[in-house]
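# Survey of secondary and tertiary structure
Residues per chain are reported as follows:
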Amino acid sequence: MTKNKEILHMKFPLLFQTKLNSGDITFPNDTQYHYTNITAYRCIERIASDTSPVTRNDFKSYFELNKHPKGKRFRGQSNEFYADYYGVSLFTEKTQLANVMKLPKPNKKLCVGDVHSDGGPQLTNVNNAHICWWLFEDAILNGFSIEEEHNYV
């Protein structure tokens, strides 16, 4: 492993770091490590009256939530060896997010902010506006806020 990869891997949570270092997980070929900020939307869970700020808890991966995702992108893959399982999902377009999450829903809110390279590498699928963002352990997410307007178009 190169010194640059080793330094990069040290920025991730320990278990993900270990899997990257062992080669059990690798980032997809088109992963971006240095990029300009990307405005993105994420669906978070909140009751209607909850106006608390967006935190790192709103940006947990399937792995961190101990969830076993369904769908084509995970079919036939062992979740513990699949990079997307350790990333968080965002979208560059509100309409795409609303379609995927079947919004509006009473316990879901939309947050908006910038995906940035200081927070970790990302991979954007331009066909469906999906971003997989692999967050560093100390990623700063205070630029994200809940969007109060419920217009998903």
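Residues numbered from 1 in each chain as written. Predicted model: local features only at pLDDT ≥ 70, side-chain atom pairs only at ≥ 80, totals over all residues. Heavy atoms only, no water.

## Focus: the overall build of the chain
- Helix and strand content of the chain: four helices and six strands.
- Counted from the first residue to the last, the chain has its helices and strands arranged as α-α-β-α-β-α-β-β-β-β.
- Per-residue burial over the chain gives 41% buried out of 153 residues.
- Contacts in the chain between residues at least 24 apart in sequence constitute 69% of all its contacts with a sequence separation of at least 6.
- Of the accessible surface of the chain, which amounts to about 9200 Å², a share of 50% is contributed by carbon and sulfur atoms. (Helix = DSSP H or I, 4+ residues; strand = E, 2+ residues; numbered from the N terminus. Buried < 20%, exposed > 50% of the residue type's maximum accessible area, 1.4 Å probe, protein only. Contact = heavy atoms within 4.5 Å. Areas by Shrake-Rupley, 256 points an atom, 1.4 Å probe, with all protein chains shown as cover.)

## Things to note about the packing of aromatic side chains
- For the coordinates displayed, the defined rule picks out 13 aromatic pairs.
- With a centroid separation of 4.9 Å and an interplanar angle of 10°, the aromatic rings of F16 and Y86 are classed as stacked. Of this pair, F16 sits in helix 2 (residues 14-22) while Y86 sits in the loop between helix 3 (62-65) and strand 2 (88-91), and the two are 70 residues apart along the sequence. Taken individually, F16 and Y86 each receive the classification buried, so the pair is uniform in this respect.
- These aromatic residues form a ring-pair network of at least three members: F12, F16, F27, Y33, F63, Y85, Y86, W134 and F136.
- Directly above the aromatic system of F59 lies the positively charged group of R42, at a separation of 5.2 Å from the ring centroid. (Phe/Tyr/Trp six-rings, centres within 6.5 Å; stacked < 30°, edge-to-face > 60°. Lys NZ or Arg CZ within 6 Å of the ring centre and 35° of its normal.)

## Some details on the pattern of salt bridges
- All chains considered together, the criterion is met by five salt bridges.
- For E45, the salt bridge is made with K108, and the minimal N-O distance between the two is 3.4 Å. Residue E45 is located in strand 1 (residues 38-45), and its partner K108 is located in strand 3 (residues 108-115); the two are separated by 63 residues in the primary sequence.
- Between D50 and R46 there is a salt bridge, with its nearest N and O atoms 3.5 Å apart.
- Given a relative accessible area of 24%, D50 falls into the partly exposed group.
- It is possible to trace a salt-bridge network through shared partners that takes in R46, D50 and D58. (Salt bridge = Lys/Arg side-chain N within 4 Å of Asp/Glu carboxyl O.)

## Quick notes on the nonpolar core
- Grouped together as the largest cluster of nonpolar side chains are 17 residues, with contacts concentrated most on F59, L90, V115, W133 and F144.
- Broken down by secondary-structure element, the contributors of at least two residues to this core are strand 1, strand 2, strand 3 and strand 5 (130-133).
- Those residues in contact with L90 that sit more than four places away from it in its chain are A40, Y41, R42, F59, V115, A129, H130, I131, W133 and F144.
- One finds L8, F27, A83 and F136 within the second-largest nonpolar core, a separate group that totals 12 residues. (Core = buried A, V, L, I, M, F, W, Y, C linked by side-chain atoms within 4.5 Å.)

## Things to note about helix 4 (residues 94-101)
- The complete set of buried residues in helix 4 reads K94, L97 and A98. For helix 4, the buried positions fall inside an angular range of 100° around the axis, keeping them on one side.
- For helix 4, the secondary structure elements touched by its buried residues are strand 1, strand 2 and strand 3.
- K102 sits one or two residues past helix 4 and shows a positive phi near 55°. (Arc of directions from axis to C-beta.)

## Remarks on unusual backbone geometry
- In the segment running from L103 into P104, the intervening peptide bond is cis, with an omega of 5°.
- Here P104 shows up in the loop between helix 4 and strand 3.
- For N66, which is not glycine, the phi dihedral falls at a positive 55°.
- Positionally, N66 belongs in the loop between helix 3 and strand 2.
- You will see that K102, though not glycine, has its phi angle at about 55°, which is positive.
- Relative to the helices and strands, K102 is located in the loop between helix 4 and strand 3.

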